[in-house]
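# Survey of secondary and tertiary structure
If you want the building blocks of each chain, they are given just below.
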Amino acid sequence: MSALDDNIAKLDGFLGRFRETGILNRIAGADVAGSEGVFQSTSPVDKSVICEVAHGSAADIDAAATAASEAFPAWRDMPAKQRRDVLIRIAEGIEARAEEIALCECWDTGQAYKFMSKAALRGAENFRYFADQVVQARDGQHLKSPTLMNVTTRVPIGPVGVITPWNTPFMLSTWKIAPALAAGCTVVHKPAEASPLTARLLVEIAEEAGLPPGVLNTVNGFGEGAGKALCEHPKVKAIAFVGESRTGSLITKQGADTLKRNHLELGGKNPVIVFDDADLDRALDAVIFMIYSINGERCTSSSRLLVQESIREDFEARLIERVNAIKVGHPLDPATEIGPLVTEEHYTKVTSYFDIAKADGATVAAGGVALGDEGYFVRPTLFTGANNQMRIAQEEIFGPVLTSIPFETEEEALHMANDVAYGLTGYVWTNDLTRALRLTDQLEAGMIWVNSENVRHLPTPFGGLKASGIGRDGGDWSFEFYMEQKNIAFATGQHKITKLGAL
Ligand code: NAD
């Protein structure tokens, strides 16, 4: 049996229960049907129906928000060590079911097993990391004034909503839910309608690990229904959102009446700048990895290559050779590097840029074609001869599609890098230290890597500028979002109180 056949057989075993019962909402520790009936989840690999999914709406969100609100005081007040132990058991549960999570994720999203097996384990790491922070999360400062002793403390904000996208849904959900639970918040999770499977696995694992009923609730549904209702619900105090920039703006509007606190992790059109003095072999590996891994469906992908004219021809030639050799195939085949795009809608969007590029005068140097019509497969694509004003340089395509743009000088590279609506990440390849310092100082991006691809380190701040978002995740920044600061002032003596109305 090949590794692919083996994975298909295992997946079949894992999917049996979903086919039988569908995916129900999970509210207050119980399975609940969607008040709007069901919708179907399909696989991008062969367009087959995976299972039915509860179609939740405002009524289901209300039930989940009420459950989260009722569960909040006990979860908030549970001794920190006990809460920490629950989170560690969730991490262990994820590790024990990592294969199931990875295989389901691949089938649901089209992501290659090669990357999803690691993403499942990253989910466990997120729980372990934030579990370790639980005990000190509420610690504060002692700020003495001449008359008062001020003590700061942090308290969890209350029930929060988590709204996630489909690109690496399991990992991204844990990235939000783990710190929220560690802070002492309860959660209503609205997963992306295109990828509901692993959100169900997560809530199951969490409850099996001892998470009390109602602390994590999962409501499936669509953005304009369940998603909107979550943003508007008065019992939900904050929304942690990952998704498109225009949805981020809707989240903000929908939360206005209830004065919602929002954390928005949005899109990107990230530059990778390659100077002629860089280690070009490593730069080439990183450029390829950062746009063609995870199907290019990655907010931090380096989708704009800014390459110095003196090395452009040779660098692009090597790039074309490698891009043409990337293995597109069945996502459950461990050798596959690119699987199908997540949905028909997304496939139509990504492939539309093949014509847009040509119409704007760019060259399709590699790929630019769809592969058959069994699933949503496309060849990894490289556009050359582009300039920074073209749509392929300005718009987030969110697929395995790279736009290469030449530059002559550092000033020109910097100008083009910043001349875009987004500001999530930037990648700089140079061996000139002072140039790297100058550039990183002026690049408009929340995260910048020099001579490196994106290597995530959990204590560091993650987030974007401009249309790429508001707020930061990671380390203590996550707790700043899920918690409220309080200051308590104690008089240290008999300081003078201004008397009004006194004779
Ligand atoms: P999307 O914005 O279409 O959907 C994301 C989620 O929002 C889904 O669960 C959807 O149902 C929900 N939603 C849609 N409309 C809503 C509304 N009006 N109110 C409430 N919820 C609503 O995004 P997507 O297409 O699923 O994901 C791809 C996008 O996510 C890309 O733009 C990508 O860059 C971004 N992303 C960003 C990061 C980051 O950390 N910055 C990480 C991953 C993905």
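Refer to the structure printed above.
Residues numbered from 1 in each chain as written. Predicted model: local features only at pLDDT ≥ 70, side-chain atom pairs only at ≥ 80, totals over all residues. Heavy atoms only, no water.

## Structural notes on the site of the ligand
If you check the shell around the ligand, you find 30 residues, and the closest are Lys190, Glu193, Thr247, Leu266 and Glu396. Lys190 places a side-chain nitrogen or oxygen 2.6 Å from an oxygen atom of the ligand. Glu193 has a polar side-chain atom sitting 2.6 Å from an oxygen atom of the ligand. Here the ligand, which alone exposes 850 Å², has 92% of that area covered by the protein. Counting atoms within 2 Å of the grid points, the majority share of the ligand lands in the largest pocket. The residue inventory of the shell around the ligand, partitioned by class, reads 16 nonpolar, eight polar and six charged. Both domain 1 (3–266 + 468–487) and domain 2 (271–450) contribute no fewer than three residues apiece to the shell around the ligand. (Near = heavy atom within 4 Å. Polar contact = N/O pair within 3.5 Å; in protein donor to acceptor, adjacent residues only side chain to side chain. Areas by Shrake-Rupley, 256 points an atom, 1.4 Å probe, with all protein chains shown as cover. 1 Å grid on protein atoms, 1.4 Å probe; cavity = no way out; pocket = protein on both sides within 12 Å on 5 of 7 lines; lining within 4 Å. Sits in = over half its atoms within 2 Å of the grid points. Nonpolar A, V, L, I, M, F, W, Y, C, P; charged D, E, K, R; others polar. Domains from an automatic or database assignment.)

## What to know about the layout of surface pockets
Here the largest pocket is characterised by a volume of approximately 1300 Å³. In terms of lining, the largest pocket is formed by 49 residues, of which the most central are Trp166, Glu193, Glu244, Thr247 and Glu345. Contributions of two or more residues to the lining of the largest pocket are made by strand S3 (38–42), helix H8 (223–232), strand S10 (238–242), helix H9 (245–254) and helix H12 (344–359). Top element by residues in the lining of the largest pocket is H9. It accounts for six residues. Looking at the lining of the largest pocket residue by residue, the classes come out as 21 nonpolar, 16 polar and 12 charged. Split by domain, the residues of the lining of the largest pocket number at least three in each of domain 1 (3–266 + 468–487) and domain 2 (271–450). Arg122, Met171, Ile294, Arg298 and Asn454 are, among the 22 residues lining the second largest pocket, the residues nearest its centre. For the lining of the second largest pocket, the secondary structure elements donating two or more residues are helix H5 (113–133) and helix H6 (169–183). It is H5 that contributes the most residues to the lining of the second largest pocket, five residues altogether. Of the residues contributing to the lining of the second largest pocket, the split by class is 10 nonpolar, four polar and eight charged. (Points joined across faces, edges and corners; volume = space filled by probe spheres on them. Helix = DSSP H or I, 4+ residues; strand = E, 2+ residues; numbered from the N terminus.)

## Concerning the sheet that holds strand S18 (residues 425–429)
The strand order across the open sheet formed by seven strands is S14-S15-S16-S13-S12-S18-S19, and the pairing between neighbours is mixed. Unpaired on one side and paired on the other, strand S14 (363–366) and strand S19 (447–450) mark the two borders of the sheet. Adjacent strand axes in the sheet meet at a mean angle of 25° when their direction is disregarded. Direction of pairing for strand S12 (residues 271–274) relative to S18: parallel, over a ladder of three bridges. By the bridge assignment for S18, Val274 is matched with Trp429. Strands in contact with helix H10 (residues 280–292) are S12, strand S13 (304–308), strand S15 (381–384), strand S16 (401–407) and S18; relative to S16, the strand with the most contacts, it is inclined by about 140°. (Pairing = 2+ DSSP bridges. Axes fitted to C-alpha atoms, helices over the stretch in contact; angles between N-to-C directions. Contact = heavy atoms within 4.5 Å.)

## Considerations on the pairing of S12
Covered by surrounding structure in S12 are Pro271 and Ile273 together with Val272 and Val274, the residues of both alternating faces. The sheet contact formed by S12 and S13 spans four bridges and is parallel. Following the sheet pairing, Val274 is matched in S13 by Val307. Following the chain from S12 across H10 to the adjacent parallel S13, one finds a crossover that is right-handed. (Buried < 20%, exposed > 50% of the residue type's maximum accessible area, 1.4 Å probe, protein only. Right-handed = clockwise from strand over helix to strand, strands pointing away.)

## Comments concerning the packing of aromatic side chains
Under the criterion given, the structure shown has 11 aromatic pairs. A ring pair is formed by Tyr427 and Trp449, whose centres lie 5.6 Å apart and whose planes are at 15°; its orientation type is stacked. Taken together, the residues Tyr427 in strand S18 and Trp449 in strand S19 connect sequence positions 22 residues apart. In this structure Trp449 comes out as buried when scored by relative accessible area, which is 15%. In textbook terms, an aromatic cluster arises when at least three aromatic residues are bridged by ring pairs, as seen for Tyr129, Phe130, Trp175, Phe462 and Phe479. The ring centre of Phe18 lies 4.3 Å from the NZ or CZ of Arg17, which sits over that ring. (Phe/Tyr/Trp six-rings, centres within 6.5 Å; stacked < 30°, edge-to-face > 60°. Lys NZ or Arg CZ within 6 Å of the ring centre and 35° of its normal.)

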